[in-house]
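Structural features, examined
Below, each chain spelled out in residue letters.
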Amino acid sequence: MQWNPAVRNNLRISLSLKRNSAMDGYEKPDHEVLQGLRDMANKLRIHSIRATCASSSGHPTSCCSAAEIMSVLFFHTMRFKAQDPRDASSDRFVMSKGHAAPILYAAWVEVGFVTESKLLDLRKLHCELEGHPTPKMEFVDVATGSLGQGLGAACGMAYTGKYFDKSSYRVYCLLGDGECSEGAVWEAMAFASYYHLDNLVAILDVNRLGQSEPTPLQHDTEAYRRRCQAFGWNAYIVDGHDVEDLCRGLWQAKQEKGLPTAIIAKTFKGKGLEGGIENEDNWHGKPLPEDCVEALLSDLQKKIQLERLLCPKLPVEDAASVDLKPISLPSLPTYKLGDKVATRRAYGVALAKLGDACQRVVALDGDTKNSTFAEIFKKSHPERYIECFIAEQNMVSVAVGCAARDRCVPFASTFGAFLSRAYDQVRMAAISQSNINLVGSHCGVSIGEDGPSQMALEDLAMFRAIPTCTIFYPCDAVSTERAIELAANTKGICFIRTTRPETPVIYPAEEKFEVGCAKVVHQSENDKVTIIGAGVTLHEALTAAEELATEGLSIKVIDPFTIKPLDTTTIVSSAKATGGRLIVVEDHYKEGGLGEAVCSIVAKEHGIVVQTLAVTQVPQSGRPQELLDLYSIGAKAIVKAVKDVIAN
């Protein structure tokens, strides 16, 4: 589609008129304030250069392009408590372009929270000022550095502020132009405008240069503005090195109602560094040369005209304190032994009950709520449900933002297979020390006719690799309720694997469950083999046990309940009691699944031999039981495996 020049000019005129009318009431900061902000920008540059020189690594040129932006944000626009970075009512800031971390640390030096001497330990062992921001520092809410994720987390914070906390705090996110090639940025853009997050401001540091070459749009700020506006944002272009222009643009963002605002700041990488560095390629991620650094610092120091002390403004204290006591289900499960209930449905029921017990519990879903049964929570607590649509990467980032500063206990659900799309977001959530709960339904070949694209067969391997992750794999409705309750109170990331088929309830309502504690659900004095199944395969193992019993063969069946951590004591003692014969059955690919997890804990034990029945090829459509049998993880395959093990 070609734009008619007259139409384009009229649009620009109308946008200009709108901006001018919106400026009614704007008071330009006085000369001393503006000069103080310019001086602060150069102080931040100096700190960033010294820190990166001391570490012999880092991104000083990326810091320099953002110096005026950081100066105006921290010392003019944002309202926060300098000595209480995680204050509930303070404005939030997310450094999405995480490689510019030194200038964030420099800002906290200037507000008095970080000592200047600590900057010289940047990136060094035992120093919490790492190469990219992490919550080891109190003023960092979410880790960044894997580009494109900061805005999604900022969306979660802004949604929480507007709709859950109903507080006046605002959220600011600084993005680099390079990361705007990431699709996750535009998922977040769509989310923010759909939910009218007018308390959210994204500042795009358009410095033209990426890591290895210029960015796709370079300095075409009009193109950035059109894109942001197309996604439903207010969008303004400013000179990113003009503090008064930045003050004006950020003031205007506060006046806008109903939509988020994007400030598109034209900047220059290495701004202020003369002699072939400013706006030149091939300086990304490099400290300044030792032979010229002192001259460059001297030039910056000469530009500082005033020694005026700039202090951040205090926030309006209107965010309520949160109750961090343990969250308990308000009543016992109502299921009866033998009832057939899908664990995915039990998840929805349990979450709604948990929402009754605690106002901090919130649910997110990716347009699968009628399959994951998150819709049950939505019907009970519509004001605490966030529809994230088919944008799983953004859903995980939003959940991380909701959980920041312990404002919410989020549960985010979709098909387990689709969480693989958001694996980088999950990985970064662990680095963020985030407490989020992810629920993956439709796991394994047992989902049936929908076929392999919908079958989660890699999810256990994914989440086992996450260091902060606890993995729950409930086998019935009662254990599902307890898994949800435990997850709400477990630090780190929790993954709850739920299944599509209806399975019998095998636990009484009063059964107690603990993280890392398995259940022996079938045993006798003469057990010959130990079987470990989980979810659907646990029930296949119980069916196999019944058939084998008719032939005079007894087996022990274990429900691990949590895949990470596993109950080493129960598994090892059971395996030894059955002559070291141990069979693991899982509705998952063999690589990285339950079988390999069991092998890892018995590796040092003598006399235990593990056989794993798992899916070993890309599956196909079919009925659930047909597929369990076809891929040798059903009751028939278990019976055969037991007989083979005993025979050998």
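Preceding block: the structure.
What this report covers is the structure whose coordinates are included nearby. (Residues numbered from 1 in each chain as written. Predicted model: local features only at pLDDT ≥ 70, side-chain atom pairs only at ≥ 80, totals over all residues. Heavy atoms only, no water.)

1. Brief notes about the overall build of the chain
Summing up its helical and strand segments, the chain has 23 helices and 19 strands in all. By the compact-globule yardstick of 26 Å for 648 residues, the chain fits well, its C-alpha radius of gyration being 28 Å. C-alpha atoms of the chain, sized along the principal axes, occupy 90 × 50 × 50 Å. A burial count over the chain gives 60% of its 648 residues as buried. In the chain, the share of contacts with a sequence separation of at least 24, taken over all contacts with a separation of at least 6, comes to 79%. Carbon and sulfur atoms make up 49% of the accessible area of the chain, which totals about 25200 Å². Each charge sign in the chain was given a centre, from 69 positive and 80 negative side chains, and these centres are 2 Å apart. (Helix = DSSP H or I, 4+ residues; strand = E, 2+ residues; numbered from the N terminus. Rg over C-alpha atoms; globule rule 2.2 N^0.38 Å. Buried < 20%, exposed > 50% of the residue type's maximum accessible area, 1.4 Å probe, protein only. Contact = heavy atoms within 4.5 Å. Areas by Shrake-Rupley, 256 points an atom, 1.4 Å probe, with all protein chains shown as cover. Lys, Arg positive; Asp, Glu negative; His and termini not counted. Charge placed at Lys NZ, Arg CZ, Asp CG, Glu CD.)

2. Remarks on the nonpolar core
Residues L151, L200 and L438 are the most contacted members of the largest nonpolar core, which totals 80 residues. Setting aside chain neighbours within four positions, we find L151 in contact with S96, C173, L175, V185, A188, M189, L200, A202 and W233. Membership of the second largest hydrophobic core comes to 61 residues, among which are V341, A374, F472 and L548. (Core = buried A, V, L, I, M, F, W, Y, C linked by side-chain atoms within 4.5 Å.)

3. Focus on the state of the cysteines
Linking two cysteines covalently through their sulfur atoms gives a disulfide. Scanning the entire structure with this criterion turns up zero disulfides. Take C63: it sits in no disulfide, and the sulfur closest to it among the cysteines is that of C64, at 6.8 Å. The buried category is assigned to C63, whose relative accessible area is 1%. For C127, which is in no disulfide, the shortest distance to another cysteine sulfur is to C63 and amounts to 15 Å. (Disulfide = S-S within 2.5 Å.)

4. A few points about the pattern of salt bridges
Within this structure, the stated rule accounts for 28 salt bridges. The network of salt bridges with shared partners includes K81, D87 and E317. (Salt bridge = Lys/Arg side-chain N within 4 Å of Asp/Glu carboxyl O.)

5. Re unusual backbone geometry
For residues besides glycine, phi is generally negative; the peptide bonds are generally trans as well. A cis amide bond, omega 0°, links K564 with the succeeding residue P565. Relative to the elements of secondary structure, P565 occurs in the loop between β17 (562-564) and α20 (568-577). With phi around 65°, N279 is a residue other than glycine that occupies positive phi space. Along the chain, the position of N279 falls in the loop between β5 (261-266) and α11 (290-302). Backbone geometry places D367, a non-glycine residue, at a positive phi of 65°. The exposure class of D367 is partly exposed, given its relative accessible area of 39%.

6. What to know about the pairing of strand β9 (residues 409-415)
Burial analysis of β9 places seven of its seven residues in the buried class, the great majority of the element. Alignment of strand β7 (residues 361-365) against β9, held across five bridges, turns out to be parallel. Across the sheet, the residue bridging to V362 is P410, located in β9. Taking the sense of rotation as the criterion, the β-α-β connection linking β9, helix α16 (residues 423-431) and strand β10 (residues 437-441) turns out right-handed. (Pairing = 2+ DSSP bridges. Right-handed = clockwise from strand over helix to strand, strands pointing away.)

7. Some thoughts on the side chain of T503
The topology assignment puts T503 in strand β13 (residues 502-504). Here the side chain of T503 touches C475 through a polar contact of 3.1 Å, landing on its backbone oxygen. When residues no more than four places from it in sequence are discounted, the contact partners of T503 are D339, K340, V341, A342, T343, C475, D476 and H539. (Polar contact = N/O pair within 3.5 Å; in protein donor to acceptor, adjacent residues only side chain to side chain.)

8. Topic: the packing of helix α19 (residues 536-549) against helix α23 (residues 635-647)
Two elements in contact, α19 and α23, have axes whose closest approach is 8 Å; the angle formed by their N-to-C orientations is 60°. By the angle between their directions, the pair α19 and α23 is classed as oblique. Between α19 and α23 lies a crossing of right-handed hand. Every residue of α23 that contacts α19 at T537, E540, A541, T543, A544, E547 and L548 is listed here: A635, I638, V639, V642 and K643. Looking at the contact of α19 with α23, its residues break down into seven nonpolar, two polar and three charged. (Axes fitted to C-alpha atoms, helices over the stretch in contact; angles between N-to-C directions. Parallel < 35°, antiparallel > 145°, perpendicular 65-115°, else oblique. Left-handed = near helix turned anticlockwise from the far one by under 90°. Nonpolar A, V, L, I, M, F, W, Y, C, P; charged D, E, K, R; others polar.)

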